[in-house]
Amino acid sequence: MGDINDKDVINKKICIAMVSDFFFPNMGGVETHIYQLAQCLISLGHRVIVITHAYGKNSERRGVRWMMNGLKVYYLPFLPFYNQCVLPTVLLTLPLVRQVLIRERVGLVHGHSAFSALANQTLLHARTLGLPTVFTDHSLFGFADVSSILTNKLLNGILSDTCHVICVSHTSKENTALRAMLCPSRISVIPNAIDADRHSDVRFLIGGDGPKRLVLEELRERLGIQDRVLLQGQVPHHQVRAHLVRGDIFLNTSLTEAFCMAILEGASCGLSVVSTNVGGIPEVLPSDLIRLAEPDATSLADGLEQAIAECRQGPDGRRQPEDFHRLHESVRDIYTWRNVALRTECVYRRVLDAGGPEPTRHRLANYLTACGPVGGKIFLIFALLNLALVWLLQLLQPAERIEPGIVPDRSKLRNRSTPCEEQ
Amino acid sequence: MHSGSISHRKCLHKPSWPERPDNFTGDDFLEDLKRNLYVKRHSLLTVVVATGRVFQHFCSLCLFVQAYCLMLQGTLAPETVLFGLGMLAPPLYLAYLFCASGSADKSDLSPMRTAFGHCRLLLVLTAFTLMWSPLLKSLTATISTDTIHAMTAFFLTANLLFHDYGGSAAIVSKSFSLNSAVFAAICLASRLPSSLHTFTTVELALFVFAFWPELRRNMSVGLHSPFQPVLSLGLTFLLNLAAQCAMCFISMPAACCFLLLSCFIMLICPIMFVAMQAQKNNIHGPWDEAVIH
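For clarity, every value in this text was computed on a predicted model and none was experimentally measured.

## Structural notes on the UniProt feature "domain: PIGA GPI anchor biosynthesis" (unreviewed entry) in chain A
As recorded in UniProt, the feature "domain: PIGA GPI anchor biosynthesis" (unreviewed entry) lies at residues 59-145 of chain A. A distance of 34 Å separates the end C-alpha atoms of residues 59-145 of chain A, which is 25% helix and 30% strand.

## Some details on the sheet that holds strand 12 (residues 272-276) of chain A
Residue and element names in this part refer to chain A. If you walk across this open sheet you meet the three strands as 11-12-13, and the pairing is parallel. Each edge of the open sheet carries a strand with a single partner, namely strand 11 (249-252) and strand 13 (290-293). Averaged over all pairs of adjacent strands, the angle between strand axes in this sheet comes to 15 degrees, irrespective of strand direction. As defined by bridge partners, strand 12 adjoins strand 13 across four bridges and the pair is classed as parallel. Bridge assignment links Val274 to a residue of strand 13, and that residue is Arg291.

## Quick look at a nonpolar patch on the surface
All names here are of chain B. Nonpolar side chains collect at one region of the surface, where Leu44, Leu261, Phe264, Leu267, Ile268, Ile271, Met272 and Met276 lie side by side and expose about 740 Å² of accessible area between them. Mapped onto the elements of the fold, Ile268 is located in helix 8 (residues 252-276). Ile268 gets classed as partly exposed once you look at its relative accessible area, which sits at 43%.

## Let's talk about the state of the cysteines
Residues and elements named next belong to chain B. Evaluated as defined, the whole model comprises zero disulfides over all chains. The thiol of Cys69 is unpaired, and the distance to the nearest cysteine sulfur, on Cys62, comes to 10 Å. Looking at Cys69, the relative accessible area reads 25%, which means it is partly exposed.

## Some points on the packing of helix 1 (residues 44-73) of chain B against helix 7 (residues 228-250) of chain B
Residues and elements named next belong to chain B. Running from N to C, helix 1 and helix 7 point in directions that differ by 30 degrees, and their axes come no closer than 8 Å. In terms of orientation, helix 1 and helix 7 fall into the roughly parallel class. Seen along the crossing, helix 1 lies across helix 7 with a hand that is left-handed. When its residues are assigned to classes, the contact of helix 1 with helix 7 shows 19 nonpolar, eight polar and no charged.

## Overview of the interface of chain B and chain A
Counting from both sides, the interface comprises 27 residues of chain B and, opposite them, 44 residues of chain A. A combined buried area of about 2900 Å² lies between chain B and chain A, and 66% of that area is made up of carbon and sulfur atoms. Three residues, Leu12(B), Trp17(B) and Trp287(B), lead the burial of chain B against chain A; their summed loss comes to 28% of the area buried on that side. With its nearest N and O atoms 2.7 Å apart, the salt bridge here joins Arg343(A) to Asp22(B). Here chain B and chain A share eleven residue pairs in polar contact (both at pLDDT 80 or more) between them. When the residues that make up the side of chain B that touches chain A are grouped by side-chain class, the tally is 15 nonpolar, five polar and seven charged.

Rules used in this analysis
Residues numbered from 1 in each chain as written. Chains lettered and ligands numbered in written order. Predicted model: local features only at pLDDT ≥ 70, side-chain atom pairs only at ≥ 80, totals over all residues. Heavy atoms only, no water. UniProt positions renumbered as here; feature names shortened; annotations may be inferred. Helix = DSSP H or I, 4+ residues; strand = E, 2+ residues; numbered from the N terminus. Pairing = 2+ DSSP bridges. Axes fitted to C-alpha atoms, helices over the stretch in contact; angles between N-to-C directions. Patch = residues over 30% accessible without salt bridge, like charges linked within 9 Å, V, L, I, M, F, W, Y side chains within 5 Å. Areas by Shrake-Rupley, 256 points an atom, 1.4 Å probe, with all protein chains shown as cover. Salt bridge = Lys/Arg side-chain N within 4 Å of Asp/Glu carboxyl O. Buried < 20%, exposed > 50% of the residue type's maximum accessible area, 1.4 Å probe, protein only. Disulfide = S-S within 2.5 Å. Parallel < 35°, antiparallel > 145°, perpendicular 65-115°, else oblique. Left-handed = near helix turned anticlockwise from the far one by under 90°. Nonpolar A, V, L, I, M, F, W, Y, C, P; charged D, E, K, R; others polar. Contact = heavy atoms within 4.5 Å. Buried area = accessible area lost by both parts, 1.4 Å probe. Polar contact = N/O pair within 3.5 Å; in protein donor to acceptor, adjacent residues only side chain to side chain.

So this is what it looks like as structure tokens:
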């Protein structure tokens, strides 16, 4: 991606607020994505803050923390009540979120994950305050049951007032366009990435926990290939690479997946990848690097047998170091966090260049046209309440009296190299 | 698009950016979208027969309440009801045994053993009801009639809602529906003049809400005849006719309402259901969670 003029980018510094219920010390794909993207955006010259809820048993981790390279993290004192998400009170998060956004002179709000109540609410607050918003959807959702109908309607309301949406795969884009009834041109596809060189910095959660792991374990027992297939579950992040390179084959049995970082990590460690053909998985790796199987035991076993047979062709019945190296080389440059950051930055610029804040009247009218006769009115009521609350807060705590946060001087920060700068 | 050379196939691994913007939407967008893959469409006949199953129970319930009303009026003597039950029960029980022998879920017990067990149960229930009927009669006597009627309506509605019509819904609970019906019967029994009336009401409730639904279920499961839908519809018609006639004895306006209600449930509702099937719109695609076969 050499033809991007980096100077051009640095000239337009923005302060970006990443918002999600899911962040370190929680582990997972969304958490990794936010952290890596934030680091790369910082190295591109932007200022990034992360807003999440308090963590820990007695929410010991709350308040402000600084992470590597001046990444400022706000652990707001909201308690998670279900699945690490805050209570969806819609309005009650506004006073604090408004304080943070004004204090940090935030220019753009980027929410992550449709499951995150905090992200959804903050996107609404940001729009009420006249800020542009971007949303990244990390997961796939069905349409058939009552819970998905409700969640999809909520997403419809939130995204109808979001400037641009990012999805991690084409399948995920189709899914989000249908769920939120969005125009597909408002959705960009930017895949996830992995840090192919510096595994000690990356937090991995390898697919293979929960009920799906049992299915896989049964299959492994039945075939008697315990020594050939490694099941990681949740492995401490610095040990992931060590675990992966002990094996020859990486078997992924996910039943649904928007992108699947796990197979990428497997391939990057040089493993022969066998995976179920679901969701966005077939988009991730070129067909010569992955064996796709139908999501049932026989088909997966067939794929696995083929992979084992290929391994046995080596001189000592195992794959050779050259094989590992070749595969690693072919994967390492496809998905990099720097690439993700540059592409995300494009989205930000697009949103910021779209002109000043939309007139409130248009925003409100948009709910009625985009969210249907009943849902539209409900969302409209909440948007109006939010506006009224902002007006009240402006009387009680005028924006001018909120002192700006300290901006760290990057040159004085201990210069730790990030994955982005290495390349 | 200036990038005609780049394949429009869905792939993430080929570097398409920045030549092609990330929000580019190709012709392949939603190409794997499938509609109504597993949607089952029902014919009018099957819908009417299935509605009939619900309506049969509704009519039986109406007949029970009508018997109570007629006994309260004095038009119907409890002895007549008991005589009718005595005449109806043996042939219906034989039909029950016949259907049970044809149904798939046969128990290990021989038909004789099953019949013996049923007879013993019948004797125990009858003896107990007979013994306790003076007490049952006074059990809810101090409660005002309005409250009794409200409670009866509430518990009979619960019976209708929780009854097992042959579907597999989470709401179905045989024991709860039977218990609420028996409780409604005991509520009603307190308004009747004698202990014999109480006995009759409870026995009738046991017949209508415990035995009769089992017989109907066995008939729909155990009879493997091409005429099964016709038989089921015939039974629905007979029950409806009986309930309609009984209603005429009680009140003409109520009978008219009942006729309209019957038409609505048995004709208009199924037609609406079948017509609205065209509205079914279920979407499937690669984002659906895979099902392990």
